[in-house]
Amino acid sequence: MELINDTEVRSAYQLLKNAVNHTPLQYDRHLSEKYQATVLLKREDLQKVRSFKLRGAYYAIKKLPESELKKGVVCASAGNHAQGIAYTCHELQAKAAIFMPTTTPQQKVSQVKFFGGEFADIHLVGDTFDASATAARAFCKEKNMTFIDPFNDKNIIAGQGTLALEMMADAESEGYKPDYVITAIGGGGLISGVSAYVKSTSPFTKVIGVEPKGAASMQAALEEDQPVKLAEIDKFVDGAAVQQVGDITYAHSKKYVDDLKLVDEGLICSTILDLYGKQAIVVEPAGALSVAALELMKDQLKGKTVVCVISGGNNDINRMAEIEERSLIYEGLKHYFVVNFPQRPGALKEFVSDILGEGDDITRFEYTKKGNRGTGPVVIGVLLEKPETLPELLNRLKEFDSTYIELSQNKTLYNLLV
């Protein structure tokens, strides 16, 4: 298979340079001090549709023959590719049928409507990207329209690679020589374009791909030496929740990507909150992947120059409570238990006084009194002041109720009760 190189990326850039934003490459003081490195952020969250996806979508559609463009295009997307397609079709006044999973955050659905206007018809189908993509391809065949793949297409890859062209040119003009370029992997279009350009122009720079632990489809492909479909994925990182990467993106990753990192969804949440709190940068879960990976690589980054691609900023504000919750659990601060309480006055006061540590807090308490019983089960959430005090809390809990259940150890009960 012939792969994309810097020549194709340069050609794509000439077509795109007046259609997309040249997003900034910014030095980040907080992250640089935290990891004792020079950390630069490629801010694709500042792109016109708040995501790099516009680059590939615009280039792929613009390359279509006029006869195909008149019939319209079809795409399947968890959100950002759809926004890129919608924006492009509105600009070119072409019809688009956009298929999105039913689990897509409402903020992204609304944005697609906003960018596409009268030129975008939205179809919410399936619980996963792959189910939505199957429906989109069937619709495309029935209507004799052109399918614009979100990642497994050379024009898409070349378009995404244009951000690397900007990034490396800006780095050179400012006197930086990147030792690492870190970027997210969903279906693999971004990492393919970025790695192809970087390795063609700066072979010593290591390209690191980052996947969420719950949707590590590229890692599975590299382990099996071919794209494979994951039986189950965690859809929390919706912009990177793909069950199977493409054969084209797999081939690019196999040749050009130096290493993969898998990031816990909880660490992603902590990174989102940190970026917002420290730098006022709003990122979606997939957009935080590259920065989250710094924590996994901190021992090898000292004194190095690192570029992290912030791939998207389409975060639904309604998800922030869940993001904070996942972060607290990951940091070891929030815990849930089922505890049997004595059914007598003063039991809760005793628990607060004798079981909780100083500075700990109860965040949830659900209790239903059971008639003719000495004890009754309570679902209780505890927020620790410090994560290292957990063993002491568990010892005191055992004395209070030797049969207590720590819900983090039982996924089924956790999902039912929390």
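Along each chain, the written sequence defines residue order, and numbers are assigned to residues from 1. The predicted nature of this model means local features are confined to residues of pLDDT at least 70 and side-chain atom pairs, given and counted, to a pLDDT of 80 or more, with totals for whole chains, interfaces and linings taken over all residues. Where side-chain values are given, they derive from all heavy atoms of the structure, hydrogens and water being excluded.

Colleague: Before we go on, may I ask you to explain helix α16 (residues 390-400) in this structure?
Modeller: Since the α-helix advances by 3.6 residues per turn, residues separated by three or four positions end up pointing in the same direction. Looking only at α16, the buried set comprises Leu-390, Leu-393, Leu-394, Leu-397 and Phe-400. For α16, the angular spread of buried residues about the axis comes to 115°, placing them on one side. Opposite its buried face, α16 presents the exposed residues Asn-395, Lys-398 and Glu-399, each directed more than 90 degrees away. Only heavy atoms enter the contact rule, under which two residues are in contact if any of them lie within 4.5 Å. Note on conventions: DSSP H or I runs of at least 4 residues are helices, E runs of at least 2 residues are strands, and numbering of each starts at the N terminus. Residues of α16 that are buried make contact with β11 (334-342), α15 (347-354), β13 (375-383) and β14 (405-406). Exposure classes here rest on a 1.4 Å probe applied to the protein chains alone. A residue is buried below 20% of its type maximum, exposed above 50%, and partly exposed in between. As used here, the arc is the angular range of directions from the helix axis to the C-beta atoms.

Colleague: Please explain helix α14 (residues 320-330) as it appears in this structure.
Modeller: Considered for burial, the residues of α14 that qualify are Ile-323, Glu-325, Ser-327 and Leu-328. Close packing links the buried residues of α14 with α12 (265-279), β11, β13 and α17 (411-417). One or two positions beyond α14, positive phi appears at Gly-332, with a value near 80°.

Colleague: Can you walk me through the pattern of salt bridges in this structure?
Modeller: Any Lys or Arg side-chain nitrogen found within 4 Å of a carboxyl oxygen on Asp or Glu counts as a salt bridge. Across all of its chains, the model carries 21 salt bridges by this definition. Residue Arg-29 pairs with Glu-33 through a salt bridge whose shortest N-O separation is 2.9 Å. Of this pair, Arg-29 and Glu-33 both sit in helix α2 (residues 29-35), 4 residues apart, which is roughly one turn of the helix. By the burial criterion, Arg-29 is exposed, and Glu-33 matches it. For the salt bridge of Glu-325 with Lys-334, the shortest nitrogen-to-oxygen distance reads 2.6 Å. The pair Glu-325 / Lys-334 is uniform in exposure class, with both members buried.

Colleague: Whenever I open this one, the nonpolar core confuses me. Can you help?
Modeller: The tendency in soluble globular proteins is for nonpolar side chains to be buried as a group. Ranked by size, the top nonpolar core spans 65 residues in total, and within it Val-73, Ile-85, Ile-98, Ile-148, Met-167, Val-194 and Val-198 carry the most contacts. Sorting elements by how many residues they give to this core places helix α8 (residues 154-173) first, with 9 residues. The contact partners of Val-198, leaving out residues within four places of it in the chain, are Ala-164, Met-167, Met-168, Val-181, Pro-203, Thr-205 and Val-207. Residues Ala-184, Val-237, Leu-267 and Ile-310 belong to the second largest nonpolar core, which totals 34 residues. Residues belong to a common nonpolar core when they are buried Ala, Val, Leu, Ile, Met, Phe, Trp, Tyr or Cys residues joined through side-chain atoms within 4.5 Å.

Colleague: What exactly am I supposed to notice about the sheet that holds strand β5 (residues 120-124) here?
Modeller: Backbone hydrogen bonds are what pair the strands of a sheet, in a parallel or an antiparallel way. Strand order in the open sheet formed by 4 strands is β5-β4-β3-β6, with parallel pairing between adjacent strands. Strands with a single pairing partner mark the edges of an open sheet, and in this sheet they are β5 and β6 (146-147). A pair of strands is considered paired only if DSSP assigns at least 2 bridges between the two. Where strand β3 (residues 73-76) meets strand β4 (residues 96-100), 4 bridges bridge the pair, whose relative direction is parallel. From the neighbouring strand, Ala-76 faces β4, where its bridge partner is Phe-99.

Colleague: What is the right way to look at the sheet that holds strand β1 (residues 25-27) in this model?
Modeller: Pairing is mixed across the open sheet formed by 6 strands, whose spatial order is β1-β2-β10-β7-β8-β9. Two strands lie at the open edges of the sheet, namely β1 and β9 (259-263), each paired on one side alone. Geometrically, the sheet is characterised by an average inter-axis angle of 25° between neighbouring strands, direction not taken into account. Pairing geometry for strand β8 (residues 206-212) and β9, over 5 bridges, is parallel. Within β9, the position partnered with Val-210 by the bridge is Lys-261. Working convention: axes come from line fits to C-alpha atoms, limited for helices to the stretch in contact. Angles between N-to-C directions cover 0 to 180 degrees.

Colleague: What is the right way to read the packing of aromatic side chains from this model?
Modeller: Both the distance between ring centres and the angle between the ring planes are used here to describe each pair of aromatic rings. Between 30 and 60 degrees the pair is tilted, below 30 it is stacked and above 60 it is edge-to-face, where a pair is any two Phe, Tyr or Trp rings, Trp via its six-membered ring, whose centres lie within 6.5 Å. Going through the model one piece at a time under the given rule, you end up with 9 aromatic pairs. Residues Phe-337 and Tyr-404 carry aromatic rings whose centres are separated by 6.0 Å and whose planes lie at 70° to one another, so their mutual orientation is edge-to-face. Here Phe-337, found in strand β11, pairs with Tyr-404, found in the loop between α16 and β14; they are 67 residues apart in sequence, far enough to count as distant. A relative accessible area of 1% means that Phe-337 is categorised as buried. By definition here, charges over rings are those cases where NZ of Lys or CZ of Arg is within 6 Å of the ring centre and within 35 degrees of the ring normal. Directly above the aromatic system of Phe-236 lies the positively charged group of Arg-319, at a separation of 4.9 Å from the ring centroid. The cationic tip of Arg-326 hangs over the ring face of Phe-236; the distance from NZ or CZ to the ring centre is 4.2 Å.

Colleague: Would you mind going over the packing of α8 against helix α9 (residues 189-201) with me for this structure?
Modeller: Angle between the axes and distance between the axes are the two parameters that describe a pair of packed helices. Put simply, α8 and α9 touch, their axes get as near as 7 Å, and they point 50° apart. When the interaxial angle is binned, α8 and α9 end up oblique. When you trace α8 past α9, the crossing you get is right-handed. Of the residues in α9, those touching α8 at Ile-157, Gln-160, Gly-161, Leu-163, Ala-164, Leu-165, Met-167 and Met-168 are Gly-189, Leu-190, Ser-192, Gly-193, Val-194, Tyr-197 and Val-198. In terms of residue class, the contact of α8 with α9 is built from 10 nonpolar, 5 polar and no charged. Between 65 and 115 degrees an angle is taken as roughly perpendicular, under 35 as roughly parallel, over 145 as roughly antiparallel, and anywhere else as oblique. The sense of a crossing depends on the near helix, which, turned anticlockwise from the far helix by less than a right angle, makes the crossing left-handed and, turned clockwise, makes it right-handed. Basically, the charged four are Asp, Glu, Lys and Arg, the nonpolar ten are Ala, Val, Leu, Ile, Met, Phe, Trp, Tyr, Cys and Pro, and anything else, Gly included, counts as polar.

Colleague: Help me understand a nonpolar patch on the surface, please; the structure alone is not making it clear to me.
Modeller: Here, patches come from residues exposed beyond 30% relative accessible area and free of salt bridges, joined within 9 Å for like charges and within 5 Å for nonpolar side chains (Val, Leu, Ile, Met, Phe, Trp, Tyr). A 1.4 Å probe and the Shrake-Rupley method give the accessible areas. Residues count as covered only by the protein chains that appear here. Together, Leu-348, Val-352, Phe-365 and Tyr-367 line one region of the surface with nonpolar side chains, adding up to about 310 Å² of accessible area. Sorting the residues of the nonpolar patch by element identifies α15 and β12 (361-367) as the ones contributing at least two each. Secondary-structure assignment places Leu-348 in helix α15.

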